[in-house]
Amino acid sequence: MTRFIVTENYEKMSEKAALIILQQINKKDNSLLGLATGSTPVGTYENLISWNQNGLIDFSAVKTVSLDEYMGVEETNEQSYRWFMNENFFNQINIKIENTHIPKGMAEDIDAECKEYERRIQLLGGIDLQLLGIGENGHIGFNEPTSFFEKHTHAVALKESTRKANSRFFGSVKSVPTHAITMGIGVIMSSKRIVLVVNGEHKAEALYKSFFENVDPMFQASILQYHQDVTVVADHDAMKVIYDKKVAFNDLISL
Ligand code: GLP
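The rules behind each value
Residues numbered from 1 in each chain as written. Predicted model: local features only at pLDDT ≥ 70, side-chain atom pairs only at ≥ 80, totals over all residues. Heavy atoms only, no water. Axes fitted to C-alpha atoms, helices over the stretch in contact; angles between N-to-C directions. Helix = DSSP H or I, 4+ residues; strand = E, 2+ residues; numbered from the N terminus. Parallel < 35°, antiparallel > 145°, perpendicular 65-115°, else oblique. Contact = heavy atoms within 4.5 Å. Near = heavy atom within 4 Å. Polar contact = N/O pair within 3.5 Å; in protein donor to acceptor, adjacent residues only side chain to side chain. Areas by Shrake-Rupley, 256 points an atom, 1.4 Å probe, with all protein chains shown as cover. Nonpolar A, V, L, I, M, F, W, Y, C, P; charged D, E, K, R; others polar. Phe/Tyr/Trp six-rings, centres within 6.5 Å; stacked < 30°, edge-to-face > 60°. Buried < 20%, exposed > 50% of the residue type's maximum accessible area, 1.4 Å probe, protein only. Pairing = 2+ DSSP bridges.

Peer 1: Which residues make up the packing of helix α2 (residues 42–53) against helix α3 (residues 81–88), and what are the values?
Peer 2: One way to put it is that α2 packs onto α3 with a least axis distance of 10 Å and a crossing angle of 40°. Taken as axis vectors, α2 and α3 run oblique relative to one another. Two secondary-structure elements touch here, α2 through Val42, Tyr45 and Ile49 and α3 through Phe84, Met85 and Asn88.

Peer 1: Let's hear about the site of the ligand: which residues, and what values?
Peer 2: Close contacts around the ligand come from 14 residues, with Ser39, Thr40, Asp68, Arg168 and Lys203 the closest. Within the side chain of Thr40, one N or O atom sits 2.4 Å away from an oxygen atom of the ligand. Within the backbone of Gly141, an N or O atom sits 3.2 Å from a nitrogen atom of the ligand. Its free accessible area being 390 Å², the ligand has 94% of it covered by the protein chains. Across the shell around the ligand, the residue classes break down as 3 nonpolar, 8 polar and 3 charged.

Peer 1: Hey, could you go over the packing of aromatic side chains for me, with residue numbers and the actual values?
Peer 2: The geometry of an aromatic ring pair comes down to the distance between the two centres and the angle between the two planes. This structure, assessed with the given rule, holds 10 aromatic pairs. Taking 5.6 Å as the distance between ring centres and 85° as the angle between the ring planes, the aromatic pair formed by Phe59 and Phe89 counts as edge-to-face. One end of the pair, Phe59, is in the loop between α2 and β3 (63–66); the other, Phe89, is in the loop between α3 and β5 (100–101), and 30 residues separate them in sequence. Side by side, Phe59 and Phe89 carry an identical accessibility label, which is buried. Residues Tyr81 and Phe142 carry aromatic rings whose centres are separated by 5.9 Å and whose planes lie at 10° to one another, so their mutual orientation is stacked. Here Tyr81 is found in helix α3, whereas its partner Phe142 is found in the loop between β6 (129–132) and β7 (154–157), with 61 residues between them in sequence. Among the aromatic residues, ring-to-ring pairing joins Phe4, Tyr208, Phe211 and Phe212 into one connected group.

Peer 1: Could you give an account of the pairing of β7, naming the residues involved and the relevant values?
Peer 2: Here β7 shows a clear split, with His154 and Val156 buried on one side and none of Ala155 and Ala157 buried on the other. As defined by bridge partners, β7 adjoins strand β8 (residues 179–182) across 4 bridges and the pair is classed as antiparallel. Directly across from Val156, in β8, lies its bridge partner Ala180.

This is how it looks when you write it as structure tokens:
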């Protein structure tokens, strides 16, 4: 089932998504959180950081697994997702850094790293809550449009459009890595709960296609329609196409 929570703006979207994570950790203090990189979840992390610093949320028993990492980028490089997560979240909360897991994009044997990463997720008891963003081409993690849904964690060649979209972090498209490791769709779908954060009109088409068109591997996020517990937290701008098409909702909560 998909539930929509529509908010006025990015700030409210971020606060709402953070609240859902807060509730999850209050319910289970050693939750395994699946985390996303990208601009969208930054505000969610900022709320969690401020609540943590004010003693409202405790990350000391929380464990995390990240969706993806660029290949060929050192962890200490500012462009790595490890660096991004440390900087934007982990270094500012009371999480134990050894409880934070991110695929190793510099691993010598990438296939072995993918298998080991997935085994670790299983050993940690599976993902309780997976936070997701979405690419304009429908990618979740770095599961790019293709003819099938890849089950397992794997190496992927990034689409030109994705490299272009992410070039804002690198200065030029040329500098964006060509490959990444990503959790597979099967891994994402095995999360007990999924929270998808989406903001801005540039994501409106993607949001519409994900939930109101046929499930199609050329638009990977559409698989989320088959998950039993998805909460979409979207701002009004991201809802534009859904509003324009006047689709009927069964379960729309507007805040
Ligand atoms: C990136 C990440 C995804 C992210 C998406 C959207 O390439 N691999 O995990 O959800 O693209 O990013 P943003 O939130 O910056 O729009």
